[in-house]
Amino acid sequence: MAIQRTGTVTEHGEMCELTLERKVGADAIAVWPFLSESRELGIWFANYVGEPDSGEVVLSMTAEDGESTSAVEILECTPPEHLIVQTTDDSGSWSLEVELVDGGHEPGSGTLIRFSHHELPLSMLPDVGAGWEWYLDRLVAAIAGEPMPAWDDYYPALRDAYAG
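Residues numbered from 1 in each chain as written. Predicted model: local features only at pLDDT ≥ 70, side-chain atom pairs only at ≥ 80, totals over all residues. Heavy atoms only, no water.

**Concerning the overall build of the protein**
Looking only at helices and strands, one finds five helices and eight strands in the protein. Relative to the globule expectation of 15 Å for 164 residues, the C-alpha radius of gyration of the protein, 15 Å, shows essentially globular dimensions. The principal-axis extent of the C-alpha atoms belonging to the protein is close to 40 × 40 × 30 Å. Residue burial in the protein is summarised as follows: out of 164 residues, 41% are buried. By sequence separation, contacts in the protein at least 24 residues apart represent 45% of the contacts at least 6 residues apart. Total accessible area on the protein is roughly 8800 Å²; 51% of this is exposed by carbon and sulfur atoms. Averaging the positions of the 7 positive and the 30 negative side-chain charges in the protein gives two centres separated by 7 Å. (Helix = DSSP H or I, 4+ residues; strand = E, 2+ residues; numbered from the N terminus. Rg over C-alpha atoms; globule rule 2.2 N^0.38 Å. Buried < 20%, exposed > 50% of the residue type's maximum accessible area, 1.4 Å probe, protein only. Contact = heavy atoms within 4.5 Å. Areas by Shrake-Rupley, 256 points an atom, 1.4 Å probe, with all protein chains shown as cover. Lys, Arg positive; Asp, Glu negative; His and termini not counted. Charge placed at Lys NZ, Arg CZ, Asp CG, Glu CD.)

**A closer look at the sheet that holds strand β7 (residues 92–102)**
Strand order in the open sheet formed by eight strands is β1-β2-β8-β7-β6-β5-β4-β3, and the pairing between neighbours is antiparallel. What marks the edges here is a single partner per strand, and that holds for β1 (8–12) and β3 (46–49). Mean inter-strand twist for the sheet, computed between neighbouring axes without regard to direction, equals 25 degrees. Of the pairings in the sheet, the one linking β1 to strand β2 (residues 15–24) comprises five bridges and is antiparallel in character. Note on β2: the bridge partner recorded for threonine 8 is threonine 19. Here helix α4 (residues 125–144) sits on the sheet in contact with β1, β2, β4 (56–61), β7 and β8 (111–121), set at roughly 20 degrees to β2. (Pairing = 2+ DSSP bridges. Axes fitted to C-alpha atoms, helices over the stretch in contact; angles between N-to-C directions.)

**Here's the deal with the nonpolar core**
If you look at the biggest cluster of nonpolar residues, it comprises 40 residues, and the most contacted ones within it are Trp44, Phe45, Leu100, Ile113, Trp132 and Leu139. Among all residues touching leucine 100, those that are not within four sequence positions of it are Ala28, Val31, Trp32, Leu35, Pro80, Glu81, Thr111, Leu112 and Ile113. (Core = buried A, V, L, I, M, F, W, Y, C linked by side-chain atoms within 4.5 Å.)

What follows is the structure, encoded as C-alpha coordinates:
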(Lines give C-alpha, C1' and ligand atoms only; values in the text may rest on other atoms or scores of the structure.)
Protein backbone atom coordinates (compact mmCIF):
# COMPACT_ATOMS: atom_id res chain seq x y z
CA MET A 1 0.00 0.00 0.00
CA ALA A 2 1.34 3.42 -0.99
CA ILE A 3 1.93 6.06 1.65
CA GLN A 4 -0.71 8.80 1.46
CA ARG A 5 -0.41 12.51 2.22
CA THR A 6 -2.16 13.31 5.51
CA GLY A 7 -1.11 16.90 6.14
CA THR A 8 -3.30 19.93 5.72
CA VAL A 9 -1.85 23.14 4.35
CA THR A 10 -3.06 26.67 5.06
CA GLU A 11 -1.49 29.19 2.69
CA HIS A 12 -0.50 32.73 3.70
CA GLY A 13 0.90 34.36 0.58
CA GLU A 14 4.31 32.81 -0.09
CA MET A 15 4.21 31.01 3.28
CA CYS A 16 2.05 28.25 4.70
CA GLU A 17 1.29 26.26 7.81
CA LEU A 18 1.55 22.48 7.58
CA THR A 19 -0.44 20.47 10.14
CA LEU A 20 -0.28 16.70 10.55
CA GLU A 21 -2.05 14.46 13.05
CA ARG A 22 -1.42 10.95 14.30
CA LYS A 23 -3.40 8.86 16.80
CA VAL A 24 -1.54 6.51 19.15
CA GLY A 25 -2.80 4.04 21.75
CA ALA A 26 -0.61 5.44 24.55
CA ASP A 27 -1.78 8.24 26.83
CA ALA A 28 -0.17 11.69 26.67
CA ILE A 29 2.03 11.12 29.73
CA ALA A 30 3.59 8.11 27.96
CA VAL A 31 4.01 10.01 24.66
CA TRP A 32 5.62 13.12 26.19
CA PRO A 33 9.11 11.61 26.73
CA PHE A 34 9.30 10.92 22.97
CA LEU A 35 9.15 14.71 22.52
CA SER A 36 11.10 15.88 25.54
CA GLU A 37 13.72 13.31 26.62
CA SER A 38 16.89 12.99 24.53
CA ARG A 39 16.98 9.18 24.65
CA GLU A 40 13.37 8.68 23.50
CA LEU A 41 13.46 11.59 21.04
CA GLY A 42 16.63 10.06 19.57
CA ILE A 43 14.83 6.84 18.66
CA TRP A 44 12.82 8.59 15.96
CA PHE A 45 14.23 12.09 15.40
CA ALA A 46 17.26 13.53 17.19
CA ASN A 47 19.26 13.47 20.40
CA TYR A 48 19.97 16.72 22.18
CA VAL A 49 22.64 18.21 24.39
CA GLY A 50 22.04 21.05 26.76
CA GLU A 51 19.62 21.70 29.56
CA PRO A 52 15.99 22.10 28.46
CA ASP A 53 15.25 24.16 31.59
CA SER A 54 17.60 26.83 30.17
CA GLY A 55 15.27 27.18 27.17
CA GLU A 56 17.88 26.08 24.64
CA VAL A 57 19.31 22.78 23.40
CA VAL A 58 21.20 21.55 20.34
CA LEU A 59 19.71 18.67 18.33
CA SER A 60 21.81 16.09 16.49
CA MET A 61 19.71 14.31 13.91
CA THR A 62 19.67 10.50 14.27
CA ALA A 63 17.68 9.42 11.21
CA GLU A 64 19.47 11.29 8.43
CA ASP A 65 22.72 10.59 6.62
CA GLY A 66 25.67 12.71 7.69
CA GLU A 67 25.94 15.06 10.59
CA SER A 68 23.13 17.56 10.96
CA THR A 69 22.55 19.77 13.98
CA SER A 70 20.00 22.41 14.90
CA ALA A 71 19.93 25.01 17.64
CA VAL A 72 16.57 24.87 19.41
CA GLU A 73 14.95 27.63 21.42
CA ILE A 74 12.13 26.29 23.61
CA LEU A 75 9.43 28.96 23.47
CA GLU A 76 6.67 27.16 25.36
CA CYS A 77 6.64 23.86 27.20
CA THR A 78 3.59 22.61 29.11
CA PRO A 79 4.08 18.90 29.88
CA PRO A 80 2.47 16.65 28.75
CA GLU A 81 0.37 18.74 26.40
CA HIS A 82 2.14 21.43 24.43
CA LEU A 83 5.56 22.28 23.03
CA ILE A 84 6.58 25.19 20.79
CA VAL A 85 10.16 25.53 19.56
CA GLN A 86 12.14 27.60 17.09
CA THR A 87 14.90 25.64 15.35
CA THR A 88 17.81 27.14 13.43
CA ASP A 89 20.11 25.24 11.09
CA ASP A 90 21.77 25.58 7.68
CA SER A 91 18.37 25.66 5.93
CA GLY A 92 17.02 28.50 8.06
CA SER A 93 14.76 28.97 11.05
CA TRP A 94 11.61 26.90 11.62
CA SER A 95 8.70 27.41 14.02
CA LEU A 96 7.38 24.03 15.19
CA GLU A 97 4.51 23.15 17.54
CA VAL A 98 3.27 19.87 19.00
CA GLU A 99 0.01 19.40 20.89
CA LEU A 100 -0.96 16.18 22.65
CA VAL A 101 -4.69 15.72 23.10
CA ASP A 102 -5.26 12.93 25.61
CA GLY A 103 -8.23 10.72 24.76
CA GLY A 104 -9.45 10.51 28.34
CA HIS A 105 -8.93 8.48 31.48
CA GLU A 106 -10.07 5.11 30.14
CA PRO A 107 -7.21 2.65 29.49
CA GLY A 108 -6.37 2.55 25.80
CA SER A 109 -8.14 5.82 25.02
CA GLY A 110 -4.94 7.02 23.38
CA THR A 111 -3.61 10.40 22.34
CA LEU A 112 -3.95 12.59 19.29
CA ILE A 113 -0.60 14.08 18.27
CA ARG A 114 -1.06 17.35 16.35
CA PHE A 115 2.12 18.72 14.76
CA SER A 116 2.33 22.12 13.05
CA HIS A 117 5.15 23.67 11.07
CA HIS A 118 4.41 27.42 11.02
CA GLU A 119 5.64 29.95 8.46
CA LEU A 120 6.95 27.37 6.03
CA PRO A 121 7.89 28.78 2.62
CA LEU A 122 5.56 27.27 -0.01
CA SER A 123 8.60 26.53 -2.16
CA MET A 124 9.88 24.14 0.54
CA LEU A 125 6.54 22.39 1.17
CA PRO A 126 7.02 19.38 -1.16
CA ASP A 127 10.25 18.26 0.49
CA VAL A 128 9.38 19.32 4.04
CA GLY A 129 5.88 17.81 3.88
CA ALA A 130 7.26 14.41 2.85
CA GLY A 131 9.86 14.65 5.61
CA TRP A 132 7.38 15.43 8.37
CA GLU A 133 5.08 12.60 7.25
CA TRP A 134 8.03 10.23 7.60
CA TYR A 135 9.15 11.62 10.94
CA LEU A 136 5.66 11.46 12.46
CA ASP A 137 5.28 7.86 11.32
CA ARG A 138 8.67 7.20 12.92
CA LEU A 139 7.32 8.75 16.14
CA VAL A 140 4.28 6.45 16.04
CA ALA A 141 6.56 3.44 15.43
CA ALA A 142 8.86 4.46 18.31
CA ILE A 143 5.94 4.78 20.73
CA ALA A 144 4.62 1.35 19.67
CA GLY A 145 8.08 -0.26 19.72
CA GLU A 146 7.77 -1.15 16.03
CA PRO A 147 10.35 -1.02 13.21
CA MET A 148 10.99 2.37 11.64
CA PRO A 149 9.41 3.13 8.25
CA ALA A 150 11.72 3.45 5.24
CA TRP A 151 12.39 6.90 3.78
CA ASP A 152 12.16 5.50 0.25
CA ASP A 153 8.46 4.79 0.83
CA TYR A 154 7.87 8.51 1.44
CA TYR A 155 10.15 10.23 -0.99
CA PRO A 156 9.65 11.10 -3.83
CA ALA A 157 6.02 9.83 -3.69
CA LEU A 158 4.87 12.36 -1.08
CA ARG A 159 6.98 15.11 -2.59
CA ASP A 160 4.71 14.93 -5.61
CA ALA A 161 1.60 14.82 -3.38
CA TYR A 162 2.65 18.07 -1.64
CA ALA A 163 3.74 19.76 -4.88
CA GLY A 164 0.23 19.69 -6.35
